[in-house]
Amino acid sequence: MERVYNFSAGPSMLPESVLQRAATEMLSYENSGMSVMEMSHRSPVYEKIILGAEETLRRVMGIPEDYKVLFLQGGASTQFSAVPLNLMNGSKKADYILSGQFSTKAYQEAQKYGDAFAVASSKDKNFSYIPKTEAKDFRADADYAHICLNNTIYGTKFPYIPDTGNIPLVADASSCILSEPIDISKFGLVYAGAQKNMSAAGLTVVIVKESLLGKARAETPTMLDYKVMADNGSMYNTPPCWCIYIAKLVCEWIESLGGLTEMKKRNEKKAGLLYGYLDSQDYYFAPVEKECRSLMNVTFVTGNPELDKKFALQASENGLVNLKGHRSVGGMRASIYNAMPQAGVEKLVAFMEKFALENPKT
Ligand SMILES: *Cc1c(COP(=O)(O)O)cnc(C)c1O
């Protein structure tokens with residue numbers, strides 16, 4: 001079967017050239033006589049892969065020297081507890097901005113460990129916007145503040161980086177990492193599950209300022225202690241070897257295209273095409289406030305659940321798959337991560353036009 005345009009929110013499309021490269025190297029990676037999946041994580045050949053992955057990620061993202069890069073397991077969701085276990089150890093206060101389901105889950109998890117406080121929320125309008133905050137909204141003695149940079153389910157992204165004064169800012173960047181340049185120095189910690197825009201499911205990347213390490217609570221499971229993982233080069237135990245290898249290939253692919261500045265340009269062009277069409281007609285409705293629109297996840301509805309259902313089904317028959325929206329929003333969601341080609345978005349817009357003509361609302 002021909003490859004389809006896969007609009008899944010995650011796991012999602014990977015660049016075809018990366019898949020092909022992995023296929024070429026599948027049976028024997030660089031004369032090792034084995035695949036990356038089969039080799040010891042302590043072998044010199046694998047050591048080169050994990051060090052190369054970190055080096056390339058650092059270069060692509062411009063990660064400052066005084067930050068550690070950790071390759072972990074457990075998904076972004078495990079970070080919902082790892083963050084408070086490692087950082088909520090002074091006043092045991094942490095301030096959360098609730099901008100969707102994942103940030104709400106992170107906030108609820110943190111409540112198990114101390115005084116987690118919701119500074120602001122956009123739940124009143126089904127998370128269709130990003131709440132505005134100022135430095136004074138945050139508690140001066142909070143151990144950290146937490147945000148979710150891009151809200152995968154609702155299709156919003158922070159149009160600004162909150163000013164939290166001296167409080168370290170922690171960000172869940174699962175669905176926007178590598179989509180555009182990001183100034184890591186504004187954050188104490190950034191984490192991301194890799195299966196949206198970086199690699200296969202099974203890898204979580206944590207980028208953390210060194211000065212925040214070594215403060216984990218005594219009861220922190222060893223596997224969740226950032227300092228232990230940092231001191232062992234993410235190899236305290238077996239790391240997600242294959243996913244790290246794919247992440248390296250993805251970063252090399254981004255670099256070969258011109259880095260994150262070029263990635264941003266491409267992503268703005270793709271998203272611009274879709275939002276431009278949505279704004280030009282009144283058959284579909286985009287529920288998200290304009291200034292908070294995500295570059296990665298575009299949500300829209302027809303206003304009629306039966307038509308929405310038909311849309312997703314027919315799109316699928318036309319090689320445009322996984323467009324059904326998340327159950328909490330309904331309608332459609334087109335996730336257009338880095339690996340989605342411009343041609344996929346063009347085909348989607350053409351399909352939307354055709355569908356609107358063929359299915360008038362009565
Ligand atoms: C997908 C996603 C998560 C959950 O990731 P897992 O790796 O499945 O735990 C958390 N936050 C955001 C923003 C996501 O997009």
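Residues numbered from 1 in each chain as written. Predicted model: local features only at pLDDT ≥ 70, side-chain atom pairs only at ≥ 80, totals over all residues. Heavy atoms only, no water.

**Description of the sheet that holds strand S3 (residues 93-98)**
No. 1: The mixed open sheet is built from seven strands, whose spatial order is S2-S10-S9-S8-S5-S3-S4. This sheet does not close on itself; its edge strands, each paired only once, are strand S2 (67-72) and strand S4 (115-121). Averaged over neighbouring strand pairs, the angle between their axes works out to 20 degrees when direction is ignored.
No. 2: Here S2 pairs with strand S10 (residues 204-209) via six bridges, running antiparallel. Each residue of the ladder has a partner; that of Phe71, found in S10, is Val205.
No. 3: Those strands touched by helix H2 (residues 44-61) are S2 and S10, and its axis lies near 130 degrees from that of S2.
No. 4: Of the strands in this sheet, S3, S4, strand S5 (144-148), strand S8 (169-172) and strand S9 (189-193) touch helix H4 (residues 101-110), which is tilted by about 160 degrees from S3. (Pairing = 2+ DSSP bridges. Helix = DSSP H or I, 4+ residues; strand = E, 2+ residues; numbered from the N terminus. Axes fitted to C-alpha atoms, helices over the stretch in contact; angles between N-to-C directions. Contact = heavy atoms within 4.5 Å.)

**A word on the domain arrangement of the protein**
No. 1: Taken as a whole, the protein is organised into domain 1 (16-256) and domain 2 (258-358).
No. 2: The straight-line distance from the C-alpha centre of domain 1 to that of domain 2 is 27 Å.
No. 3: Listed per partner, the contact involves 28 residues of domain 1 and 26 residues of domain 2.
No. 4: In total, about 2,300 Å² of surface goes out of reach between domain 1 and domain 2, with carbon and sulfur atoms giving 55% of it.
No. 5: If you sort the residues of domain 1 by the area they bury against domain 2, Ile153, Gly155 and Ser179 come out on top, with a joint share of 19%.
No. 6: Counting the contacts that link domain 1 with domain 2 gives two salt bridges.
No. 7: Glu180 is paired through a salt bridge with Lys264; the nearest N and O atoms lie 3.8 Å apart. (Domains from an automatic or database assignment. Buried area = accessible area lost by both parts, 1.4 Å probe. Salt bridge = Lys/Arg side-chain N within 4 Å of Asp/Glu carboxyl O.)

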